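Coordinates in review
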Amino acid sequence: MPKKTSFVFNSLTLGLLCSFSHASSVIEPGFEFHGYAKGGLGISNDPILNAEAYDWAANGMNIFRLAGNRYSDSSGGRMGNEANWLELHFNQGFTHDHDMAWGLNANIVYGDELALDELYTQADGVFTQHSNARFWAGKRYYARVETVLNDMQALSSDGLGFGMDDLDVGAGLFSIGVTRNLYNETNLESGDMVAVSSSLRKIVLPKQIELDVFANFGTFMGPAVSDDNSNARELNPNAYQLAFKLHRGDYFNNDEFFLRYSHNTSMSITRTWQQTPSYQIGAFYQGLKHITEDYRIAYIWSHENAHFDEAARKRNYTEQVDAHWNSLVLRNSLAWNQRTSTEIETGYEQVRFTATDPAQDGTNSGYKLTVSQNLHAGSGYWDRPVIRFFITYANMDVETLVYQHSNDGEQIKMGESEATTIGAQFEAWW
């Protein structure tokens, strides 16, 4: 994965809670500051499992990222297996006039470098008959579907753009936005993929289930379109995504299922450094259960099935035909009292590849186990800040490198390898 993903996939932040309630918050007058931070140190004397992942984390943790995993920054779960990250959110709400509310939002992040990831303005009450509809313009994280334990977005349209969110159409809340690549915004000489993203959320179904549906379309736009010598269209074909999400429960007991079909793209149309298979199907099931007041389990199953026809192999510089990725993560959490808890996180991951040359077919697999003794501000599952003292063991078996692009610099050892990391990390949001 390109190193730029260090400030993409780790931005779960306050969305850990907000992901269960997507309604826009009210724009209040005045200044507001909130954020998210995680950081730590790992020590490992074992050979590096994945050099690119190790450099991405840059904190000494011997990161387990399975060879061929193009979807998340770490494999087998986040705990004791992730990079440091900081988000600082600054919101300014302006005095309400004419039954409207306006706000300015900024988000400064730090992973391996300081960046202004979000800067946009938004307005409520522009339509008097639909006062909840919110207009926005700027750059922002947009139309995201988050997964918690492996800290990734199963769907996103982050970018520079504009849109309207949460128009009440009776059956649900309708949103539509236009965005282009958030992370290469200065590369305008040729053009980029532009996405039109739409959703209808909070459709109420029987048994207290909520349904969200998504439809996104992307096309390449820019000066290269008028250049007869450019192959930009060939390398960036039109793309679309269709998806739905089912959710039931609250912050403490919930289940969620998400299914996505992507054509000529992966999880995001605007993240143009990601692979662009001819089609990709993603399925995710995650949840959290409080078995008792002090014992909880969180879990996620993640699946991606990517197919590369001849055109897709050409534009992705790869010889793979199919890639089937499956990941299972289970986290057990037991609070001993208001100050301490113990967590055990286990994860298994597998990617099965078929290639144009059957000799390159193979299955890469691995697992991770983390045991953590925690100090925290409260005994609740979501209570933060927390300090975790952990030990992580990971094992990886690599049979094929066919997934690599011809220009990849990723350094992966064939065969079986293992590593143990001990360390400490903190996590906080406010």
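Residues numbered from 1 in each chain as written. Predicted model: local features only at pLDDT ≥ 70, side-chain atom pairs only at ≥ 80, totals over all residues. Heavy atoms only, no water.

Concerning the overall build of the protein chain
Selection criterion: Helix and strand assignments follow DSSP, with helices taken as H or I runs no shorter than four residues and strands as E runs no shorter than two, numbered in order from the N terminus. Our radius of gyration looks at C-alpha atoms and nothing else; its globule reference is 2.2 Å times the residue count to the power 0.38. Each residue is placed in one exposure class: buried if its accessible area under a 1.4 Å probe, protein chains only, is under 20% of its type's maximum, exposed if it is over 50%, and partly exposed if it falls in between. Contact between two residues is taken to exist if any of their heavy atoms lie within 4.5 Å; hydrogens are not considered. Where accessible areas are quoted, they stem from the Shrake-Rupley method and a 1.4 Å probe; at the residue level, only the protein chains shown are allowed to cover. The sign given to each residue is positive for Lys and Arg and negative for Asp and Glu; His and the chain ends receive no count. Note on charges: their place is set at NZ of Lys, CZ of Arg, CG of Asp or CD of Glu.
Scanning the protein chain from terminus to terminus reveals four helices and 20 strands. Here the C-alpha radius of gyration of the protein chain, 22 Å, is about what a compact globule of 430 residues would show, namely 22 Å. Principal-axis analysis of the C-alpha atoms places the extent of the protein chain at approximately 65 × 65 × 45 Å. Burial statistics for the protein chain: of 430 residues in total, 55% are counted as buried. If you take every contact in the protein chain between residues at least 6 apart in sequence, the share linking residues at least 24 apart comes to 61%. Surface summary for the protein chain: the accessible area is close to 18300 Å², and the carbon and sulfur share equals 59%. Across the protein chain, the mean location of the 31 positive side-chain charges is 3 Å away from that of the 52 negative side-chain charges.

Points about the environment of Arg-248
Condition: In protein, a polar contact requires one atom able to donate a hydrogen and another able to accept it; more generally it is a pair of N or O atoms within 3.5 Å, and residues adjacent in sequence count only if both atoms are side-chain atoms.
Within the fold, Arg-248 resides in strand 12 (residues 239–249). A residue is classified by how much of its surface remains accessible, and Arg-248, at 44% relative accessible area, is partly exposed. Taking the C-alpha atoms as reference, Arg-248 lies 4.8 Å from Ile-209; in sequence the two are 39 residues apart. Beyond its immediate sequence surroundings of up to four residues, Arg-248 is in contact with Lys-207, Gln-208, Ile-209, Asn-253, Asn-254 and Asp-255. At 3.2 Å, the side chain of Arg-248 and the backbone oxygen of Lys-207 are in polar contact.

Some words on unusual backbone geometry
The phi angle of most residues is negative, glycine excepted, and most peptide bonds adopt the trans form. Put simply, Arg-384 and Pro-385 share a cis peptide bond, and its omega is 10 degrees. Along the chain, Pro-385 turns up in the loop between strand 18 (362–376) and strand 19 (386–398). Of note, the phi angle at Ala-143 is positive, near 55 degrees, even though the residue is not glycine. Here Ala-143 is to be found in the loop between strand 5 (134–140) and strand 6 (145–147). Looking at Ala-143, the relative accessible area reads 27%, which means it is partly exposed. The backbone of Lys-202 sits at a positive phi, close to 60 degrees, despite the residue not being glycine. Positionally, Lys-202 belongs in strand 10 (residues 192–205).

Some points on the environment of Tyr-54
Counting through the fold element by element, Tyr-54 comes out in helix 2 (residues 51–57). When the C-alpha positions of Tyr-54 and Ala-83 are compared, they lie 9.0 Å apart, and in sequence the two are 29 residues distant. If we skip the residues at most four places from it in the chain, Tyr-54 touches Ile-48, Gly-60, Met-61 and Asn-62.

What about a nonpolar patch on the surface?
Formally: Patch membership requires over 30% relative accessible area and the absence of a salt bridge. Like charges are linked within 9 Å, and nonpolar side chains (Val, Leu, Ile, Met, Phe, Trp, Tyr) within 5 Å. Salt bridges, as used here, are contacts in which a Lys or Arg side-chain nitrogen is within 4 Å of a carboxyl oxygen on Asp or Glu.
On the surface, Phe-94, Trp-102, Leu-104, Ile-108, Tyr-110, Leu-114, Leu-116, Leu-119, Val-126 and Phe-127 cluster together into a nonpolar patch covering about 880 Å² of accessible area. For the nonpolar patch, the secondary structure elements donating two or more residues are strand 3 (101–110) and strand 4 (114–124). By residue number, the principal contributor to the nonpolar patch is strand 3, which donates four residues. Among the structural elements, Leu-119 can be located in strand 4. Residue classification places Leu-119 among the partly exposed positions, given a relative accessible area of 39%.

Concerning the pattern of salt bridges
For the coordinates displayed, the defined rule picks out 25 salt bridges. Asp-151 serves as the salt-bridge partner of Arg-78, at 3.5 Å between the closest nitrogen and oxygen. Within this pair, whereas Arg-78 is found in the loop between helix 2 and strand 2 (85–93), its partner Asp-151 is found in the loop between strand 6 and strand 7 (152–155), the two being separated by 73 residues in sequence. On the accessibility criterion, Arg-78 (5% relative accessible area) is buried. With a relative accessible area of 3%, Asp-151 lands in the buried category. Note that Glu-146 is salt-bridged to Arg-144, the shortest N-O span being 3.9 Å. For the residue pair Glu-146 and Arg-144, the accessibility class agrees, reading buried in each case. Connected through salt bridges with shared partners, the residues Lys-38, Arg-78, Glu-82, Asp-151, Glu-343, Arg-384, Arg-388 and Glu-427 form a single ionic network.

Regarding empty space enclosed by the protein
Any space left empty among the atoms is revealed by the rolling of a water-sized probe across them. Short version of the rule: The definitions used throughout rest on a 1 Å grid laid over the protein atoms alone, on which a cavity is an enclosed set of points accommodating a 1.4 Å probe that cannot get out and a pocket is an open set flanked by protein within 12 Å on both sides along at least five of seven lines; lining residues are those having an atom within 4 Å of a point. Grid points are joined across faces, edges and corners, and a volume is the space filled by probe spheres set on the points. In this classification, the charged set is Asp, Glu, Lys and Arg, the nonpolar set is Ala, Val, Leu, Ile, Met, Phe, Trp, Tyr, Cys and Pro, and all remaining amino acids, among them Gly, are polar.
All told, the structure shown has eight cavities of 30 Å³ or more when counted by the stated rule. Here the largest cavity defines a volume of roughly 120 Å³. Every residue lining the largest cavity is counted, 16 residues in all, and those nearest its centre are Ser-341, Glu-343, Gly-380, Tyr-381 and Arg-384. Among the secondary structure elements, those contributing two or more residues to the lining of the largest cavity are strand 16 (320–335), strand 17 (340–355), strand 18 and strand 19. Looking at the lining of the largest cavity, the element that brings in the most residues is strand 16, giving three residues. Its residues assigned to classes, the lining of the largest cavity comprises three nonpolar, seven polar and six charged.

Examining the packing of aromatic side chains
Between two aromatic rings, the relevant description is the distance of the centres plus the angle of the planes. Formally: Paired rings are identified among Phe, Tyr and Trp, the last through its six-membered ring, by centres lying within 6.5 Å, and are further divided according to the angle between planes into stacked (under 30 degrees), edge-to-face (over 60) and tilted (the rest). For a Lys NZ or an Arg CZ to count as sitting over a ring, it must be within 6 Å of the ring centre and within 35 degrees of the ring normal.
Applying the stated rule across the entire model yields 18 aromatic pairs. Lying across the ring of Trp-136, Arg-140 places its NZ or CZ 4.9 Å from the centre. Note that Arg-144 overlies the ring of Tyr-141, its terminal NZ or CZ placed 3.8 Å from the centroid.

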